[in-house]
Amino acid sequence: SETKTKIISAISALLVFLLITVMIIVRQYKITDTLNQEVYEKSIRDNMTGLFNRTEIINLYQKNIDKDISLSVIDIDDFKNINDTYGHSVGDIVIKDISSIIQDIVGDKGYVGRYGGEEFLVILNKSDQYDSKKLLEEIRISIENKKWFFKDSPVTVSIGLLNEAKNTSFNNGFKAADELLYLAKRNGKNIICHI
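Residues numbered from 1 in each chain as written. Predicted model: local features only at pLDDT ≥ 70, side-chain atom pairs only at ≥ 80, totals over all residues. Heavy atoms only, no water.

A. Up close: helix 4 (residues 88-106). For helix 4, which comprises 19 residues, the first-to-last C-alpha distance of 27 Å matches the rise-based estimate of 27 Å (1.5 Å per residue) to within 8%. Within helix 4, burial applies to Val 90, Gly 91, Val 94, Ile 95, Ile 98, Ser 99, Ile 101, Ile 102, Ile 105 and Val 106. Packing partners of the buried residues in helix 4 comprise strand 1 (69-76), helix 3 (79-86), strand 2 (110-116), strand 3 (119-125), helix 5 (132-145) and strand 4 (157-162). Positive phi appears at Gly 107, one or two residues downstream of helix 4, with a value of about 55°. (Helix = DSSP H or I, 4+ residues; strand = E, 2+ residues; numbered from the N terminus. Expected span 1.5 Å × (residues − 1). Buried < 20%, exposed > 50% of the residue type's maximum accessible area, 1.4 Å probe, protein only. Contact = heavy atoms within 4.5 Å.)

Shown next, in the form of structure tokens:
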């Protein structure tokens, strides 16, 4: 009976050890999984704005190419003047604030990415619930109406919209939207040009 007690004690100790080991492994797995998720999120996000970065917004476009989507390019008007007049730190604030406005309005209706500098891409999943041009017009007006701490006049954006981007390669879609953006710039800025 003393031998049985020792065996039961040894088995109990072994089971406790195994249970603790499993708990440690599960905890480490969760920590590693969380860290991996954080690293992944950082790899697909723009450091300054938190929007999708250039690589990821292009990937998202390509993943959705067979769906009913629109593609738009948004560019901050006269951004160089803002940087030259008020400094790059103010320029960074403008980029961050405009990023937030765009993301808040787009929400779950599509994807927003920083393409580079002061240029943003918006991919909208089109539906009967909203119209791409109306949503982009809401973005344009919200940016124009924002009160800035550093100047009285508005900061504006010009937008090129390719309303039917389904089954269009990214290069062709971007080229079309970008040409529409430059048409908006040539026609006085602070407008949307679209097909």
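B. Examining the pattern of salt bridges more closely. Within this structure, the stated rule accounts for eleven salt bridges. Among the ionic pairs, Lys 80 bridges to Asp 84, the shortest N-O distance being 2.6 Å. Here Lys 80 and its partner Asp 84 are both found in helix 3, four residues apart, which amounts to about one turn of the helix. We classify Asp 84 as exposed; its relative accessible area is 52%. Glu 144 is the partner of Arg 140 in a salt bridge, and the nearest nitrogen-oxygen pair spans 3.2 Å. Here the residue Arg 140 and the residue Glu 144 both occupy positions in helix 5, the gap between them amounting to four residues, near one helical turn. (Salt bridge = Lys/Arg side-chain N within 4 Å of Asp/Glu carboxyl O.)

C. Local environment of the sheet that holds strand 1. If you walk across this open sheet you meet the five strands as 2-3-1-4-5, and the pairing is mixed. If you trace the sheet from one side to the other, it starts and ends with strand 2 and strand 5 (192-194), each paired once. The mean angle between the axes of side-by-side strands here comes to 20°, regardless of whether they run parallel or antiparallel. For strand 1 and strand 4, the ladder comprises six bridges, and the chain directions are antiparallel. Considered in strand 4, the bridge of Ser 72 is made with Leu 161. Docked against the sheet, helix 2 (residues 54-63) engages strand 1, strand 2 and strand 3, running at close to 140° with respect to strand 2. Each of strand 1, strand 2, strand 3 and strand 4 is contacted by helix 4, which is oriented at about 5° to strand 3, the strand it contacts most. (Pairing = 2+ DSSP bridges. Axes fitted to C-alpha atoms, helices over the stretch in contact; angles between N-to-C directions.)

D. Inspection of helix 2 at higher detail. Inspection of helix 2 places Glu 56, Ile 57, Ile 58, Leu 60 and Tyr 61 among the buried residues, and these make up the whole buried set. Where helix 2 is buried, its residues touch helix 1 (2-44), strand 1, strand 2, strand 3 and helix 6 (170-186).

E. Broad picture of the environment of Asp 178. Residue position: Asp 178 is located in helix 6. Separated by 46 residues in sequence, Asp 178 and Ser 132 have C-alpha atoms that sit 16 Å apart. The contact partners of Asp 178, leaving out residues within four places of it in the chain, are Val 73 and Glu 119.

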